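Residue-level listing of the chains:
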Amino acid sequence: MQQLLLKQDQTIFGFKNEDENDLALTAKIEVDSEDKQAGGFAQNVINGVHRDHPEVCNAWISDSKDGLPQSITLTLEKTENVGEIHITADTDQAYPRSSTRAFVDFDFTATHLTAECFDGEKWIKVFEITDNYRRKIIAKFEPQKTEKVRVTVHTTTGATCTKLNEIRIYRA
């Protein structure tokens, strides 16, 4: 039950993502850049924790000096038939603000992002969202045989970098 709640973006302190169906947990990761000084290491998106804690950054943060767009690529252990990607974006929930869209103005929130699968020769766009304001983004798409998944953040609500807390990848 805890794993299902975590998958649905519920926080349960003391528990982390150990979903045996999440292909991302064992992936190798490459990024365009990362903010190492802030602790925004790419590996954080698969460390099992999907929220920051007061003393610990649990997110990939791209380097603001490099601007946007910024991409993170996850290479799976083997070719899989992928049909679903979960992306947890930072909406700066550490600060009390209204959760209604009319009042959302968090700098890190990924407003335009894409997800792609590599078919061995080229990248195939499987998902795109523009004008996003949500923290939890679930991309369901036609199954793709792939070993690599790339998520690209093109714009945010203001920051020149991006911050993603978690990426999960599931078979179709």
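Residues numbered from 1 in each chain as written. Predicted model: local features only at pLDDT ≥ 70, side-chain atom pairs only at ≥ 80, totals over all residues. Heavy atoms only, no water.

Once that is clear, we can look at the overall build of the chain. The secondary structure content of the chain amounts to one helix and seven strands. Since a compact globule built from 172 residues should have a radius of gyration of about 16 Å, the 15 Å found for the chain is in line with a globular shape. Dimensions along the principal axes, computed over C-alpha positions, put the chain at roughly 40 × 35 × 30 Å. Each of the 172 residues in the chain was classed as buried or not, and the buried ones make up 49%. Split by element, the accessible area of the chain, about 9100 Å² in all, is 47% carbon and sulfur. Separation of charge centres in the chain, based on 21 positive and 28 negative side chains, amounts to 3 Å. (Helix = DSSP H or I, 4+ residues; strand = E, 2+ residues; numbered from the N terminus. Rg over C-alpha atoms; globule rule 2.2 N^0.38 Å. Buried < 20%, exposed > 50% of the residue type's maximum accessible area, 1.4 Å probe, protein only. Areas by Shrake-Rupley, 256 points an atom, 1.4 Å probe, with all protein chains shown as cover. Lys, Arg positive; Asp, Glu negative; His and termini not counted. Charge placed at Lys NZ, Arg CZ, Asp CG, Glu CD.)

The next point concerns the environment of Gln10. Residue position: Gln10 is located in the loop between helix H1 (2-7) and strand S1 (28-31). For Gln10, a relative accessible area of 41% corresponds to the partly exposed category. Apart from the residues within four sequence positions on either side, Gln10 is in contact with Leu5 and His50. (Contact = heavy atoms within 4.5 Å.)

A word on the side chain of Thr146. Here Thr146 is to be found in strand S6 (residues 136-156). Within the structure, Thr146 has its side chain in polar contact with the backbone oxygen of Lys148 (distance 2.7 Å). Those residues in contact with Thr146 that sit more than four places away from it in its chain are Leu76, Lys78, Thr79, Glu80, Val82, Cys117 and Phe118. (Polar contact = N/O pair within 3.5 Å; in protein donor to acceptor, adjacent residues only side chain to side chain.)

In this description, a pair of aromatic rings is defined by centroid distance and the angle of the planes. Counting across every chain of the model gives one aromatic pair. Aromatic side chains Phe118 and Trp123 sit 5.1 Å apart centroid to centroid with 55 degrees between the ring planes, which places their arrangement in the tilted category. On the accessibility criterion, Trp123 (26% relative accessible area) is partly exposed. Across from the ring centre of Phe118, 5.9 Å away, lies the NZ or CZ of Lys148, which sits over that ring. (Phe/Tyr/Trp six-rings, centres within 6.5 Å; stacked < 30°, edge-to-face > 60°. Lys NZ or Arg CZ within 6 Å of the ring centre and 35° of its normal.)

A word on the nonpolar core. Core analysis: the biggest nonpolar cluster contains 31 residues, and Ile72, Leu74, Leu164, Ile167 and Ile169 have the highest contact counts within it. Secondary structure elements with two or more residues in this core: strand S3 (70-89), strand S4 (110-118), strand S5 (123-129), S6 and strand S7 (163-171). Looking at this core element by element, the count peaks at seven residues for S3. Excluding residues that lie within four positions of it along the chain, Leu74 makes contacts with Ala24, Ala27, Lys28, Ile29, Ile46, Glu147, Lys148, Val149, Ile167 and Ile169. Among the nonpolar cores identified, the runner-up in size contains five residues, and Cys57, Ala59, Ile61 and Cys161 belong to it. (Core = buried A, V, L, I, M, F, W, Y, C linked by side-chain atoms within 4.5 Å.)

Where burial is concerned, most of S3 is hidden: 16 out of the 20 residues are buried. One ladder, built from four bridges, connects S1 with S3; its direction is antiparallel. Of the residues in S3, the one forming a bridge with Ile29 is Leu74. The pairing of S3 with S6 spans 14 bridges and is classified as antiparallel. By the bridge assignment for S6, Thr88 is matched with Lys136. (Pairing = 2+ DSSP bridges.)

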